[in-house]
Amino acid sequence: MQSKKMEEALNKQINEELYSAYAYLAAAAEADRLRLPGFVNWFKMQYHEELAHADRFFNFILERDGEVELDPIGKPNINNETPLSLFEKALAHEQHITQCIFNLKDLARAEKDYATDVFLEWFVNEQVEEEANARGVIDQLKMIDGNPNGLYMIDRELAARQPEESDA
Ligand code: OFO
């Protein structure tokens, strides 16, 4: 069983992951407003991934005989975005989540909570991938510099994103 302090921090992370899901869902709606179905697909996939992240924390807390406490989820700050600003916000958010995971790691190590320390390993790797994905799309969007044909090609590419095995 984890300490109360660790349990509270893990519960807070459930909220962070659910907020992430909510923010990506808002981004999907915004992409629909921009008439970019591939972007909608990409953000919806990410929404599902974030729900799966929240689920990992939820299951882990219960598996260790802890208590889950669910707080309200904040309103995402997604308004009048451009394709580029949507991904810039996604990257900034992922960088924030990376810091949350590192803070959890620090706490697990300070508490000699080896099980939580190992559990968090998956998220450390996942954050490297998530930041790289958002950065990759930002690079492409900067390269085309608003060119409609380029945007069409990127949208086609984002339409091809499939759910990951690990989300199942
Ligand atoms: Fe985007 O990785 Fe979870 O929050």
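All of these numbers come straight from a predicted model, not from anything done at the bench.

(A) A look at unusual backbone geometry. Positioned with a positive phi, aspartate 65 is a non-glycine residue whose angle comes to about 65°. Unlike most non-glycine residues, asparagine 80 shows phi in positive territory, near 45°.

(B) Local environment of the pattern of salt bridges. Summed over all chains, the structure comprises 11 salt bridges. Salt-bridge contacts for arginine 35 lead to aspartate 32; the nearest nitrogen and oxygen are separated by 3.7 Å. Accessibility expressed as a relative area gives 62% for arginine 35, which makes it exposed. Of the charged contacts in the structure, one is a salt bridge between aspartate 117 and lysine 105, with a shortest N-O distance of 2.7 Å. Here the residue aspartate 117 occupies a position in helix H4 (residues 114-144), and lysine 105 occupies one in helix H3 (residues 83-110), the gap between them amounting to 12 residues. Residue classification places aspartate 117 among the buried positions, given a relative accessible area of 13%.

(C) Seen up close, the environment of leucine 25. Structurally, leucine 25 is set in helix H1 (residues 4-33). Leucine 25 sits 131 residues away from arginine 156 along the chain, and the two C-alpha atoms are 19 Å apart.

(D) A look at the environment of alanine 110. Among the secondary structure elements, alanine 110 is positioned in helix H3. Note on alanine 110: relative accessible area 66%, which makes it exposed. C-alpha separation for the pair alanine 110 and glycine 146, spaced 36 residues apart in sequence, amounts to 48 Å.

(E) Looking closely at helix H2 (residues 37-63). The terminal C-alpha atoms of H2 lie 39 Å apart, and with 27 residues this matches the ideal 39 Å at 1.5 Å per residue to within 8%. Of the residues one or two after H2, aspartate 65 is the one with positive phi, at around 65°.

(F) H3, seen in detail. Under the 1.5 Å per step criterion, the end-to-end length of H3 is 41 Å for 28 residues, consistent within 8% with the ideal 40 Å. At the C-terminal side of H3, lysine 112 shows a positive phi close to 55°.

(G) Up close: the packing of H2 against H3. Look at H2 against H3: their axes get within 13 Å of each other, and the N-to-C directions meet at 15°. On the basis of the axis angle, H2 is roughly parallel to H3. Classified by chirality, the crossing of H3 by H2 is left-handed. Residues Phe39, Trp42, Phe43, Gln46, Glu50 and Phe57 of H2 lie in contact with H3, whose contacting residues are Pro83, Leu86, Phe87, Glu94, Ile101 and Leu104. Residue classes in the contact of H2 with H3 are distributed as nine nonpolar, one polar and two charged.

(H) Structural detail: a negative patch on the surface. Taken together, Glu8, Asp65, Glu67, Glu69 and Asp71 make up a surface patch of like negative charges. Its place among the elements puts glutamate 8 in helix H1.

(I) Broad picture of the packing of H1 against H3. Direction vectors running N to C along H1 and H3 enclose 170°, while the axes themselves pass 11 Å from each other. When the interaxial angle is binned, H1 and H3 end up roughly antiparallel. A breakdown of the residues in the contact of H1 with H3 according to their chemical character gives 15 nonpolar, four polar and five charged.

(J) Main features of the packing of aromatic side chains. Taken as a whole and assessed by the stated rule, the structure comprises 10 aromatic pairs. Residues phenylalanine 57 and phenylalanine 119 carry aromatic rings whose centres are separated by 5.3 Å and whose planes lie at 85° to one another, so their mutual orientation is edge-to-face. Placement of phenylalanine 57 in helix H2 and of phenylalanine 119 in helix H4 is noted, with a sequence separation of 62 residues between them. In this pair, the class of phenylalanine 57 matches that of phenylalanine 119, namely buried.

Conventions used here
Residues numbered from 1 in each chain as written. Predicted model: local features only at pLDDT ≥ 70, side-chain atom pairs only at ≥ 80, totals over all residues. Heavy atoms only, no water. Salt bridge = Lys/Arg side-chain N within 4 Å of Asp/Glu carboxyl O. Buried < 20%, exposed > 50% of the residue type's maximum accessible area, 1.4 Å probe, protein only. Helix = DSSP H or I, 4+ residues; strand = E, 2+ residues; numbered from the N terminus. Expected span 1.5 Å × (residues − 1). Axes fitted to C-alpha atoms, helices over the stretch in contact; angles between N-to-C directions. Parallel < 35°, antiparallel > 145°, perpendicular 65-115°, else oblique. Left-handed = near helix turned anticlockwise from the far one by under 90°. Contact = heavy atoms within 4.5 Å. Nonpolar A, V, L, I, M, F, W, Y, C, P; charged D, E, K, R; others polar. Patch = residues over 30% accessible without salt bridge, like charges linked within 9 Å, V, L, I, M, F, W, Y side chains within 5 Å. Areas by Shrake-Rupley, 256 points an atom, 1.4 Å probe, with all protein chains shown as cover. Lys, Arg positive; Asp, Glu negative; His and termini not counted. Charge placed at Lys NZ, Arg CZ, Asp CG, Glu CD. Phe/Tyr/Trp six-rings, centres within 6.5 Å; stacked < 30°, edge-to-face > 60°.

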